[in-house]
Amino acid sequence: MTTPIVQASKVVKTFGAGRTLVRAVDGVSLEVNAGEMVTITGPSGSGKTTLVSMLGALLRPTQGAIVIDGIDIASLSEAGLSALRARTVGFVFQSFNLLESLTVRENILFPAHLAPGGMPAAAPHADDLLERLGLGKRSKALPRTLSGGEKQRVAIARALINKPKLIIADEPTGNLDSKSGQEVLMILHDIARDQGRAILLVTHDRRVEEVADRILWLEDGTLRDRKQESHDWTNDPVCNMRIDSWASLIFSDHEGVRYNFCSDKCRDRFTADPSKYLRETQLAEQSEERKP
Amino acid sequence: MFRWTFSELFAAPQQLLASVAAVAGAFALVLFFEGVFAGESGQIVALIDKTEADVWVMQKGVGNMHMTTSFVADWKIDAIKDVEGVKKVTPILYLNSVIEAGGRNWLSFIVGLEAGDTRAGPWELASGAAIPGPGEAILPDVIAADTGLAIGDTVRIAGREFTVAGFSSDTFSMANSITFVTMEDLGDTMSSIGSVSYLLVDAKPGVDAHALAGRIMDQVEKVNALTRQEFSDRDFSIAVQMGLEIVWMMTLIGSALAVLLTGFIVYSHVSDRERELAVMKALGVRDWAIYLSIMTQALVIGLLAFGLAVAVVLLAIPLTDAFAPKISLGLTVDALIRTGAMAVIVSLLASIIPVRRVLSVDPVTAFQQ
């Protein structure tokens with residue numbers, strides 16, 4: 001039987017009021033279970049950060065309910081939310097967000113002072129994480145001396161120090177090279193599988209498809225499940241390259257129709273003169289039709 | 001959090017040093033001003049302190065030397081000598097006046113000494129004669145250094161000309177100086193016949209000065225007798241009272257400056273670290289813990305600045321003596337305690353300035369690139 005670590009029910013988050021009201025998240029429901037690695041993807045401005053902020057107890061929803069480890073966050077004070085985050089949620093950020101004046105080991109141990117037992121109790125765990133994440137020899141180094149991959153491993157170790165049930169990772173591979181990115185994804189995957197932690201990953205990294213249990217697509221504040229094997233093929237109207245519209249992040253709307261592109265360059269050419277490419281597409285389609 | 005508080009503060013030593021130096025400047029200003037004031041006040045009681053008489057006897061109803069006149073009939077000298085426990089009595093004439101020397105006027109205590117008396121004379125000689133002869137005066141060496149006055153030159157004291165016979169050290173302050181002449185010359189100037197101003201009484205070994213002062217007042221009519229410490233304290237407190245408002249004003253200005261500087265530094269610090277604060281909040285650190293950390297940082301800056309200010313003033317004392325001898329600079333324990341307490345209060349007040357900024361840091365911004 002699976003245990004839900006985080007449950008969101010018909011969650012709505014709005015910002016502003018009246019004519020400036022924005023529905024950043026609109027009726028999202030989801031569950032993330034222990035040991036599960038769930039990826040949320042979607043175009044920029046789709047509400048991913050707002051959603052994970054709520055799922056990580058950083059924001060309260062305007063409507064709906066979010067229950068983390070059995071606690072409805074709406075019932076908690078600011079102090080209660082802070083305590084819940086310290087105890088139950090680990091964060092991994094795209095830009096690492098290490099505390100620059102602290103060493104690697106001190107960064108990892110930092111959240112431990114918010115947990116029962118404090119830093120002394122967490123010290124052996126920190127040393128274990130340092131070894132497991134290949135940071136043993138860098139424990140006294142300052143963040144500015146680390147590579148991107150090392151920084152992200154430190155951030156992961158920091159997220160794990162209080163043994164949280166939920167880890168939220170926001171674009172954890174966004175600032176890493178290909179090799180380091182792959183390494184980080186495998187570490188997160190292993191944490192979910194071996195330690196039974198729920199991992200919620202916000203990413204555009206296609207490689208995550210290989211390791212994620214579920215991929216959710218967020219667009220205009222609403223969520224839809226996307227099967228890993230699902231594809232919706234279309235063609236770039238400029239270069240005619242075949243594109244999966246489920247995963248495409250580069251698009252442009254013209255006369256009520258969404259066109260997907262392989263690159264920003266193709267999109268820019270299209271937006272400069274849409275009729276040219278639409279005419280060419282039309283001619284190509286007619287030519288296809290005339291073929292015997 | 002404690003570790004971060006200090007690591008973060010000392011992570012940029014040059015920035016910290018600049019911050020501490022700026023705040024130390026404000027504290028040094030306060031300490032320096034108080035030091036000058038204490039030094040000047042100390043010089044006002046230099047004659048009382050340095051001559052080291054056990055008891056001072058003066059006219060009944062008089063309890064000070066500064067800004068005061070005292071007349072004691074000279075026959076009382078013998079009466080006091082007869083009091084049990086008295087070893088020696090040294091009379092002086094005293095006039096608070098202006099001397100004209102080197103083309104300038106100088107406020108001065110004019111002390112008239114008995115012929116050949118070294119007991120109440122200059123305690124430190126710079127050059128020339130230690131005891132003034134008839135028509136001679138011994139002036140502070142600072143006046144000589146400042147005006148080029150030399151031994152043998154003429155000065156005017158209370159309208160009468162005197163020849164400079166010597167220069168004494170440690171007898172000058174900006175507010176006051178001490179000039180020694182003979183009692184006969186000063187008596188002529190003051191038209192003082194059959195009276196002296198003060199009597200310096202030395203007690204026999206083992207005699208309690210306080211008890212001796214009591215016996216003198218009991219046995220000799222119409223005199224007041226005070227131990228050296230009492231007499232000195234009274235004059236010192238009068239001098240302090242005269243400048244108290246100015247000192248307080250300067251302390252207030254210096255403190256306000258220090259609050260603004262520390263507040264600005266701490267505020268800039270918070271602004272620079274806004275992202276780290278957002279991350280901390282996201283990780284579960286409470287606002288009060290962040291605020292406590294910032295208050296600690298402000299306190300460290302304040303106390304380091306105080307230490308630096310004390311060091312600067314301590315260094316300034318010998319430098320002032322060497323290069324600006326007219327300024328008497330002193331550092332009292334009272335001034336240190338007061339300024340130290342001020343440093344703590346300033347730090348606590350300054351740490352209030354960035355509170356709003358700390359509270360407004362949104363943990364969600366930790367997600368932003």
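As a convention, each chain's residues are numbered from 1 in the sequence order in which they are written. Each chain gets a letter, beginning with A, and each ligand a number, beginning with 1, in the order they are written. Per-residue local features are limited, in this predicted model, to residues with pLDDT of at least 70; the limit for side-chain atom pairs, both in listing and counting, is 80 or more; totals at the level of whole chains, interfaces and linings are taken over all residues. Remark: hydrogens and water are excluded; side-chain values derive from all non-hydrogen atoms of the structure.

Once that is clear, we can look at the pairing of strand S1 (residues 55–59) of chain B. Residues and elements named next belong to chain B. By the criterion of burial, S1 is predominantly enclosed, with four of the five residues buried. Across three bridges, S1 lies against strand S11 (residues 198–203) in antiparallel orientation. Within S11, the position partnered with valine 55 by the bridge is valine 201. Only strands joined by at least two bridges in the DSSP assignment are considered to pair. Helical segments are the DSSP runs of H or I of at least four residues, strand segments are the runs of E of at least two, and each set is numbered from the N terminus. Of the pairings in the sheet, the one linking S1 to strand S12 (residues 223–227) comprises five bridges and is antiparallel in character. What sits directly across from methionine 58, in S12, is asparagine 224. Burial classification: accessible surface area is computed with a 1.4 Å probe over protein chains only, and a residue below 20% of its type maximum counts as buried, one above 50% as exposed, and the rest as partly exposed.

The residue Phe96(A) is not glycine, and still its phi comes out positive at about 65°. Mapped onto the elements, Phe96(A) comes out in the loop between strand S6 (89–92) and helix H3 (104–109). The backbone phi angle of Ala158(B) is positive, close to 50°, even though this residue is not glycine. With respect to the helices, strands and loops of the structure, Ala158(B) is situated in the loop between strand S7 (154–157) and strand S8 (160–168).

Let's shift gears to the packing of aromatic side chains. Residues and elements named next belong to chain B. Each pair of aromatic rings taken from Phe, Tyr and Trp, with Trp reduced to its six-membered ring, is defined by centres within 6.5 Å and is described as stacked if the planes are under 30 degrees apart, edge-to-face if over 60, and tilted in the remaining cases. Per the counting criterion, the structure on display carries 11 aromatic pairs over all chains. With a centroid separation of 5.2 Å and an interplanar angle of 40°, the aromatic rings of tryptophan 56 and phenylalanine 231 are classed as tilted. Here phenylalanine 231 lies in helix H8 (residues 228–272) and tryptophan 56 lies in strand S1, a separation of 175 residues in the sequence. Of the two residues, tryptophan 56 and phenylalanine 231, both sit in the buried class. Taken together through their ring pairs, the aromatic side chains of Trp56, Tyr94, Phe109, Tyr198 and Phe231 make up a single cluster.

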